[in-house]
Amino acid sequence: MDHKFPPLKNDLLLRAARGEPVERVPVWAMRQAGRYLPEFKATRAEHEFFKVCRTPELACEVTLQPLRRYDFDASIIFSDILVIPQALGMTVEMVPGKGPSFPEPLVTPEDMEKLDTKCKVAESLSYVYEAVTLTRMKIDGQCPLIGFAGAPWTLMSYMIEGGGTKTHSKAKKWLYCYPEASHKLLQLLADVIVDHLVLQICAGAQLVQLFESHAGILGPNLFYKFALPYIKYISVKVREALTAKEVEHVPMTIFAKDAHFALEELADSGYEVISLDWTIKPKHARSRCGENVTLQGNLDPCALYASKEEIGEFAKELVHSFGTKRWIANLGHGMYPDHDPEHLEAFIEAIHKYSQQPSDEL
Ligand code: 1CP
């Protein structure tokens with residue numbers, strides 16, 4: 001890597017991810033750069049969603065916005081999981097008030113012929129890597145920068161459903177009716193995701209998180225067959241690629257939402273950090289995941305609607321349940337657009353307060 005980045009002043013996130021001692025628990029929030037912030041809404045009022053993603057200066061600005069307000073221990077690059085289907089040649093629009101929409105989703109396996117399977121990720125998603133490098137410079141070592149990608153099943157489900165859905169029945173139908181084509185699509189996505197994560201790391205990302213947001217809808221049988229093997233493949237291949245390029249390995253996080261049934265397997269899938277949704281009890285997760293992984297999470301995002309005093313109590317309970325070792329405080333899913341920014345601040349402050357370690361115990 002040729003970039004000369006400013007020295008990192010706060011490495012709590014990276015130490016927690018590697019299982020090293022920390023003087024206080026690191027905290028950040030999924031979707032921290034986003035719709036609940038007035039300054040984000042102001043940027044979005046001027047620029048279309050994917051224009052922000054594709055313009056490194058705008059993506060950098062939006063990534064830095066939450067860091068100006070809050071004492072966060074991590075930042076996450078502003079982008080979206082759906083840039084990969086775009087790189088494969090699909091059109092994705094962000095419809096105001098509705099979310100992502102694919103005007104021409106995949107309907108049958110023959111539609112896969114329309115995908116640009118030879119896509120050169122380094123070129124088609126170069127704007128993401130430029131945004132990562134620019135942001136890493138501008139953060140000036142305040143905290144680490146996280147890169148990310150959607151996991152294969154979650155991307156496949158968007159590409160077939162064409163947008164939000166409760167049942168994911170069109171995408172699940174593929175798994176039952178066209179298992180071979182499904183594996184072909186998942187493998188194609190897995191290879192693109194590996195390239196995308198490696199390129200973000202080479203551009204300056206200091207940890208990468210894989211979002212399998214639609215894991216829960218699969219249930220154990222389909223998850224073990226169509227999601228877990230690719231989640232594992234990605235951790236193995238990212239490591240191999242970094243070794244081949246002589247680039248230092250960075251910690252990896254897997255967030256498989258609602259996949260409680262697979263906690264043991266996820267803990268054994270090559271990721272340093274397992275990110276938990278809010279429906280899992282911290283102690284239960286720890287006993288099932290063992291001591292060799294870091295846990296991340298898992299306040300119910302809706303808990304931020306409670307009073308600041310109650311949020312302080314929730315944070316205290318989380319510190320009590322997770323303990324201060326091998327834990328990264330976070331929500332169990334992303335921020336919602338109607339969250340009060342001050343309530344997120346109350347959460348961050350309470351985590352810092354209750355997780356502070358006496359220096360002689362480190
Ligand atoms: O108009 C807007 O501004 C739309 C809001 C928005 C934002 C802020 C979308 C549309 N994407 C993003 C950014 C984003 N998306 C980030 C970077 C910012 C950050 O985390 O701070 C990340 C990591 C994502 C990841 C993402 N996009 C996921 C996985 C995480 C999760 O929420 O489960 C998913 C499923 C998407 C798809 C997506 N993009 C946007 C929407 C509205 C959706 C559908 C899911 C949803 O309703 O949130």
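For the structure itself, consult the block above.
In this text, all values refer to a predicted model and were calculated from it rather than measured experimentally.

### What about the state of the cysteines?
Applying the stated criterion across every chain, the model contains zero disulfides. Here Cys119 is not disulfide-linked; the sulfur of Cys53 is the nearest cysteine sulfur, at 17 Å.

### Quick look at the environment of Thr63
Mapping Thr63 onto the fold places it in helix H4 (residues 56–69). For Thr63, a relative accessible area of 1% puts it in the buried group. Separated by 81 residues in sequence, Thr63 and Pro144 place their C-alpha atoms 12 Å apart. Apart from residues no more than four positions distant in its own chain, Thr63 is found in contact with Ala33, Ser75, Ile76, Ile77, Phe78, Thr135 and Leu145. Polar contacts involving the side chain of Thr63 include one to the main-chain amide nitrogen of Phe78, which spans 3.0 Å.

### Re the pattern of salt bridges
Under the definition given, this model contains 13 salt bridges. Residue Arg18 is joined to Glu20 by a salt bridge in which the shortest nitrogen-to-oxygen separation is 3.0 Å. A salt bridge links Asp73 to Arg24; its shortest N-O distance comes to 3.1 Å. Placement of Asp73 in the loop between H4 and strand E1 (75–76) and of Arg24 in the loop between helix H1 (12–18) and helix H2 (38–46) is noted, with a sequence separation of 49 residues between them.

### A word on the site of the ligand
Taken together, 21 residues lie around the ligand, and Ala33, Arg44, Asp80, Ser213 and His333 are the ones closest in. Measuring from an oxygen atom of the ligand, one finds a backbone N or O atom of Arg31 at 3.1 Å. Ala33 is positioned such that a nitrogen or oxygen atom in its backbone is 2.8 Å from an oxygen atom of the ligand. Within the complex, 87% of the 830 Å² of free accessible area of the ligand lies under protein. Of the residues assigned to the shell around the ligand, the class counts are 12 nonpolar, five polar and four charged.

### Observations concerning unusual backbone geometry
With an omega of -15 degrees, the peptide bond running from Gly297 to Asn298 counts as cis. Tracing the chain through its elements places Asn298 in strand E8 (residues 294–299). A positive phi angle, close to 60 degrees, is found at Arg31, a residue other than glycine. Take Arg31: it is sitting in the loop between H1 and H2. The phi dihedral of Arg326 falls on the positive side, at around 50 degrees, and the residue is not glycine. When you line up the elements, Arg326 lands in the loop between helix H14 (308–322) and strand E9 (327–331). Arg326 gets classed as buried once you look at its relative accessible area, which sits at 18%.

### Digging into a negative patch on the surface
Taken together, the side chains of Glu309, Glu310, Glu313 and Glu317 make up a negatively charged region of the molecular surface. One can find Glu309 in helix H14. You can call Glu309 exposed: its relative accessible area is 60%.

What counts and what doesn't
Residues numbered from 1 in each chain as written. Predicted model: local features only at pLDDT ≥ 70, side-chain atom pairs only at ≥ 80, totals over all residues. Heavy atoms only, no water. Disulfide = S-S within 2.5 Å. Helix = DSSP H or I, 4+ residues; strand = E, 2+ residues; numbered from the N terminus. Buried < 20%, exposed > 50% of the residue type's maximum accessible area, 1.4 Å probe, protein only. Contact = heavy atoms within 4.5 Å. Polar contact = N/O pair within 3.5 Å; in protein donor to acceptor, adjacent residues only side chain to side chain. Salt bridge = Lys/Arg side-chain N within 4 Å of Asp/Glu carboxyl O. Near = heavy atom within 4 Å. Areas by Shrake-Rupley, 256 points an atom, 1.4 Å probe, with all protein chains shown as cover. Nonpolar A, V, L, I, M, F, W, Y, C, P; charged D, E, K, R; others polar. Patch = residues over 30% accessible without salt bridge, like charges linked within 9 Å, V, L, I, M, F, W, Y side chains within 5 Å. Lys, Arg positive; Asp, Glu negative; His and termini not counted. Charge placed at Lys NZ, Arg CZ, Asp CG, Glu CD.

None of the figures reported here should be taken as evidence of function without further support.
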